Amino acid sequence: MSAARSLDFWTTAGIAFDLTGAIAVASLALWLWPRRGRLAGAGGAVVAALLVTAGWCIAAAVGLTAEVPMFASFAESIRNLAWLVAIYRLFAGDGRHSSLAPIRPVIFALAFVETLHLSMTLALTYLSVKGGLANLGFEIEVMLRLLVTVGGLVLVHNLYAGAPREVRPALRWPAIGLAVLWSFDLNLYTVAYLARSWPSEIAALRGIAAIVLAGCFALTASRNRDELRLKPSRAVTFQTFSLLVIGVYLVAMVSVAQWLSYAGGDFARLIEMAFLTFASAIALVVLPSRRVRSWLKVILAKHFFQHRYDYREEWLRFTRTIGKNDDETLPLSERVVQSLADITYSPAGLLLCPDEQGDLMLAARWNWPEVDVPALAYPLAALGPFEQTCYIADLDEVRAGVVAEGFEIAAPDWLIAERRAWALVPLVHYERLVGMVVLARPAMARKFDWEDFDLLRVIGQQLASYLAEHASQEALAESSRFEDFHRRIAFVMHDIKNLASQFSLLARNAELHADKPEFRADMLVTLRNSSDKLNALLARLSRYGAGGVDRLHDVCAADVARSVVARFNGHRQVVLGEVQDLVATANAHSLEQVLVHLVQNGLDASRPESPVILSIRVDGLSARFEVADSGTGMSAEFVRNRLFKPFVSTKSGGFGIGAFEARELVKAMKGRLDVESREGLGSRFIVRIPLAAATDMYLNRTDKDQKVA
């Protein structure tokens, strides 16, 4: 009694699994047929193999209750042959069938073994062999099945493992599905060979392998197979509700089938199960259509959820779209359109941005190349309602003239004529319109409600802030380019001011001493020096952007110091202190300019009787140029925050760039400018420039390192 109950249980379970597998595989085949192009050249072969697999599942279900399960064995042979053809087509998808010579012989050998098994099964059934010969035939059949199963697994392994890296993601799920199918058969036939009998309990679970196979190929054909996520809440609700409807339908169909099963006979049962399978498959394909899915979502959103949108998912998708940054990232203007289109399921969109006069012009297209947008896309005079109220316009209502009172808008003719144009979403930042997104009509257009308006308005304001920030960054980059130009002009004006002061002083002295030969000789030297400075100033105009120094070379520090003191001939305050005979790596003119500026600052800050001392000595690997005065001095706060800040000056009429320019020139010569100062005691400016010997030693060591490397 217990054995009979066990047999009934496994038979019922096997029929249930086989029929479920048949429904899943047949449904997938029908769904995949119009999408077979996603599997390259193997689409047709895969669909055919799936249909054959569905037939095998039906035959297996019939064979569980038939006295001679010939239908199941015959269907399994056809199934294996169909999948061998599909595997070969998958190899052909990336061209490996032409480069891997052993593929065709292996497939032909497995097809021969499967044909031999089919012939042997037909012969044993036709001859009604019994006894020891029947047992021998069973073992041979099992061995042939094992050969085909092992060979199929080897082909699946080579299909995936030998594929190029870029092809593997497309082959991952088909390989897993076929591996599960044949791995189950491998275990089944291994147990059958060892036990010398058919394991009915294990065979009853074969339908599970077909279900897994269908799921794997469904993942392969899905557009979003690389972005699979577990989606709770709304997604689970929609899918669970659909499955519940389908489950109720299947239970009703099974009940009808059980009632019809009293007709008896294997052929009647075959017709019954075939009808059940294909009726269920058609229901699975028809019921989840786009229109039915949209209707279900509306019903569930109204009765099961407080809000239409899953705001967490919408916000995460929005941030991923806007924040994406890789080699394939669209420009920001196109991502702005895409982020809004994702919310409304719009397939395309346009971005309109204001020009200098405030009229909107086309700034970007997203998946909408064919629409003809005029140069003046939206006039400024018609933008008031959008800027003042962030009004989101439904263009279908505008065309029909049913816009609510107080929200009348004047849409341009090209928008009215473009039937795909569906909605206008303004992008407002601090009560200023920075853009307008035109959304194309989705496949299932619907009327906007308050929740659509609120979400699109918030997203529009966020996008407006991104566009405003992007525009500010571009303006800042442009301003920095102008800043470099203005900085050069400011340096030129500073130097011209110093030269003008010298010429003014020379003119005043000429009125008093023009008849003196010594003055005339000194005047010629001054004029020659001023002319040289003007020429050097013109040459330096093209160097400030690159550091302000033309070329570094060996410079005699003592000569530079004497030249600086000579520039201040007639000022008894300028004193040349300790001067060591040093050679530094610098630019003579730039170094002299720095020291002249520092000495002049010392004179300006000191009393007429206080000396300004210039000295030179060695400081480690640097030549130390020191300019010291006993003038008014500077506070630490002034030195830290204001001394080297451009365009900040304590002198009346000063430009405030002398100290800044001096530090920049010292940096360009690989040196350093330091300041020591105390209020009421004076200041000390220290310029450190690398010694020529130290520079040569560094260059020699670098050359040696490069040769060793």
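Residues numbered from 1 in each chain as written. Predicted model: local features only at pLDDT ≥ 70, side-chain atom pairs only at ≥ 80, totals over all residues. Heavy atoms only, no water.

## Describing the overall build of the protein
Here is step 1 of the chain: In terms of helices and strands, the protein carries 23 helices and twelve strands.
Here is step 2 of the chain: Relative to its 709 residues, the protein shows a buried fraction of 40%.
Here is step 3 of the chain: For the protein, the share of sequence-separated contacts (at least 6 apart) that also reach a separation of at least 24 residues comes to 69%.
Here is step 4 of the chain: Summing over all exposed atoms, the protein offers an accessible surface of approximately 38600 Å²; the carbon and sulfur share of this is 60%. (Helix = DSSP H or I, 4+ residues; strand = E, 2+ residues; numbered from the N terminus. Buried < 20%, exposed > 50% of the residue type's maximum accessible area, 1.4 Å probe, protein only. Contact = heavy atoms within 4.5 Å. Areas by Shrake-Rupley, 256 points an atom, 1.4 Å probe, with all protein chains shown as cover.)

## A short note on the packing of aromatic side chains
Pairs of aromatic rings are described using the distance from one ring centre to the other and the angle between the two planes.
Here is step 1 of the chain: For the structure on display, the rule yields five aromatic pairs.
Here is step 2 of the chain: Note on Trp-315 and Phe-318: the rings are 5.2 Å apart at their centroids and 35° apart in plane angle, and the pair reads as tilted. With Trp-315 and Phe-318 both in helix H12 (residues 311–323) and three residues apart, the pair spans about one turn of that helix.
Here is step 3 of the chain: Trp-315 sits in the partly exposed class, given a relative accessible area of 38%.
Here is step 4 of the chain: Between Phe-386 and Tyr-391 the ring centres are 6.3 Å apart and the planes differ by 40°, which places this aromatic pair in the tilted class. Accessibility classification places Phe-386 together with Tyr-391 in one group, the buried group.
Here is step 5 of the chain: Aromatic rings pair up to connect Trp-315, Phe-318 and Tyr-466 into one cluster.
Here is step 6 of the chain: The aromatic ring of Trp-56 is capped on one face by Arg-79, whose charged end is 4.4 Å from the ring centroid. (Phe/Tyr/Trp six-rings, centres within 6.5 Å; stacked < 30°, edge-to-face > 60°. Lys NZ or Arg CZ within 6 Å of the ring centre and 35° of its normal.)

## Comments concerning the environment of Leu-395
Here is step 1 of the chain: With respect to the helices and strands, Leu-395 occurs in helix H15 (residues 395–400).
Here is step 2 of the chain: Classification of Leu-395 by relative accessible area gives buried; the value is 0%.
Here is step 3 of the chain: The residues contacting Leu-395, other than those within four sequence positions of it, are Ala-411, Leu-415, Ala-421, Trp-422, Ala-423 and Leu-424.

## A closer look at the sheet that holds strand S12 (residues 682–690)
Here is step 1 of the chain: If you walk across this open sheet you meet the five strands as S7-S9-S10-S12-S11, and the pairing is mixed. On the outer flanks of this sheet lie strand S7 (574–579) and strand S11 (672–678), each paired with one strand and no other. Here the average twist between neighbouring strands, direction ignored, is 15°.
Here is step 2 of the chain: Along the sheet, helix H19 (residues 557–567) makes contact with S7, strand S9 (612–619) and strand S10 (622–629), crossing S9 at roughly 175°.
Here is step 3 of the chain: In this fold helix H20 (residues 588–605) packs onto S7, S9, S10, S11 and S12, with an angle of close to 20° to the strand it touches most, S10. (Pairing = 2+ DSSP bridges. Axes fitted to C-alpha atoms, helices over the stretch in contact; angles between N-to-C directions.)

## Side note on the environment of Arg-420
Here is step 1 of the chain: Structurally, Arg-420 can be placed in the loop between helix H16 (413–417) and strand S4 (421–428).
Here is step 2 of the chain: With relative accessibility at 30%, the residue Arg-420 sits in the partly exposed group.
Here is step 3 of the chain: Separated by 21 residues in the primary sequence, Arg-420 and Arg-441 place their C-alpha atoms 5.2 Å from one another.
Here is step 4 of the chain: If we ignore the near neighbours within four places in the chain, the residues touching Arg-420 are Pro-347, Ala-348, Trp-368, Glu-370, Leu-439, Ala-440 and Arg-441.

## A word on helix H2 (residues 43–63)
Helical geometry note: an α-helix holds 3.6 residues per turn, so side chains three or four residues apart project in the same direction.
Here is step 1 of the chain: Over its 21 residues, H2 extends 30 Å from the first C-alpha to the last, a length consistent with the 30 Å expected when each residue adds 1.5 Å.
Here is step 2 of the chain: The element H2 is extensively covered by neighbouring structure, given that 16 of its 21 residues are classed as buried. (Expected span 1.5 Å × (residues − 1).)

## Remarks on H20
Here is step 1 of the chain: Between its first and last C-alpha atoms H20 spans 26 Å; for 18 residues at 1.5 Å apiece the expected length is 26 Å, and the two agree.
Here is step 2 of the chain: With 13 of 18 residues buried, H20 is to be regarded as a mostly interior element.

## Examining the sheet that holds strand S5 (residues 433–440)
Here is step 1 of the chain: Taken in spatial order, the five strands make up an open sheet running S2-S1-S5-S4-S3, and their pairing is antiparallel. Sheet topology places strand S2 (360–366) and strand S3 (393–394) at the edges, where each strand pairs with a single neighbour.
Here is step 2 of the chain: The pairing of S3 with S4 spans two bridges and is antiparallel. From the neighbouring strand, Asp-394 faces S4, where its bridge partner is Ala-423.
Here is step 3 of the chain: Contacts from helix H13 (residues 332–344) reach strand S1 (349–354), S2, S4 and S5, with the element oriented near 70° to S2.

## Brief notes about the pairing of S5
Here is step 1 of the chain: When you tally the buried positions in S5, you get eight out of eight residues, the bulk of the element.
Here is step 2 of the chain: The pairing of S1 with S5 spans four bridges and is antiparallel. Within the sheet, the bridge partner assigned to Leu-352 lies in S5 and is Met-436.
Here is step 3 of the chain: As judged from the seven bridges shared by S4 and S5, these two strands associate in the antiparallel manner. Paired with Leu-427 across the bridge in S5 is Gly-435.
Here is step 4 of the chain: Remark: four residues form the turn of the hairpin made by S4 and S5, two consecutive strands paired antiparallel; Tyr-430 in that turn has positive phi of roughly 55°.

## Some thoughts on the confidence of the model for the protein
Here is step 1 of the chain: Within the protein, residue pLDDT values average 75, and 72% of them lie at 70 or more.
Here is step 2 of the chain: Mean pLDDT across the elements of the protein bottoms out in helix H9 (residues 234–260) (47) and peaks in S10 (94).
Here is step 3 of the chain: For the stretch residues 1–7, pLDDT sits under 50, and the model shows zero contacts to residues farther than four places along the chain or on other chains. (pLDDT = per-residue confidence, 0-100.)

## Brief notes about the nonpolar core
Here is step 1 of the chain: Val-46, Leu-50, Trp-83, Ile-87, Leu-155, Leu-178 and Phe-217 are the most contacted members of the largest nonpolar core, which has 40 residues in total.
Here is step 2 of the chain: Going through the elements one at a time, helix H1 (2–32), H2, helix H3 (70–93), helix H4 (103–127), helix H5 (132–161), helix H6 (168–195) and helix H8 (206–221) are the ones with two or more residues in this core.
Here is step 3 of the chain: The element best represented in this core is H2, accounting for ten residues.
Here is step 4 of the chain: Other than its neighbours up to four places away in sequence, Leu-50 contacts Val-25, Leu-28, Ala-29, Leu-32 and Trp-83.
Here is step 5 of the chain: One finds Ala-586, Ala-659, Leu-665 and Leu-691 within the second-largest nonpolar core, a separate group that totals 39 residues. (Core = buried A, V, L, I, M, F, W, Y, C linked by side-chain atoms within 4.5 Å.)

## Topic: a nonpolar patch on the surface
Here is step 1 of the chain: A contiguous nonpolar patch, built from Phe-503, Leu-524, Leu-527 and Leu-534 and spanning about 320 Å² of accessible area, is present on the exposed surface.
Here is step 2 of the chain: The residue Leu-527 is located in helix H18 (residues 517–540) in this model.
Here is step 3 of the chain: On the accessibility criterion, Leu-527 (36% relative accessible area) is partly exposed. (Patch = residues over 30% accessible without salt bridge, like charges linked within 9 Å, V, L, I, M, F, W, Y side chains within 5 Å. Salt bridge = Lys/Arg side-chain N within 4 Å of Asp/Glu carboxyl O.)

## A word on the pattern of salt bridges
Once the charged atoms of two side chains with opposite charge are near each other, the side chains can pair.
Here is step 1 of the chain: Using the criterion set out here, one finds 22 salt bridges in the structure.
Here is step 2 of the chain: Residue Arg-441 pairs with Asp-396 through a salt bridge whose shortest N-O separation is 2.6 Å. Here Arg-441, found in the loop between S5 and helix H17 (450–513), pairs with Asp-396, found in helix H15; they are 45 residues apart in sequence, far enough to count as distant.
Here is step 3 of the chain: Judged by relative accessible area, Arg-441 falls into the partly exposed class, the value being 25%.

## A closer look at the packing of H19 against H20
When two helices pack together, you describe them by how their axes are tilted relative to each other and by the distance separating the axes.
Here is step 1 of the chain: Closest axis-to-axis distance for the H19/H20 pair is 10 Å, and the angle between their directions is 45°. One finds that H19 runs oblique with respect to H20. Regarding H19 and H20, the two cross each other, and that crossing is right-handed. Of H20, the residues touching H19 (which contributes Val-560, Ser-563, Val-564 and Arg-567) are Leu-591, Glu-592, Leu-595, Val-596 and Val-599.
Here is step 2 of the chain: Partitioned by chemical class, the residues of the contact of H19 with H20 number six nonpolar, one polar and two charged. (Parallel < 35°, antiparallel > 145°, perpendicular 65-115°, else oblique. Left-handed = near helix turned anticlockwise from the far one by under 90°. Nonpolar A, V, L, I, M, F, W, Y, C, P; charged D, E, K, R; others polar.)

## With respect to the pairing of S11
Here is step 1 of the chain: Sheet topology note: the S11/S12 ladder contains seven bridges and is antiparallel. Bridged to Leu-673 within S12 is Val-687.
Here is step 2 of the chain: Between S11 and the antiparallel strand that follows it, S12, lie three residues; Gly-680 among them carries a positive phi value of about 85°.

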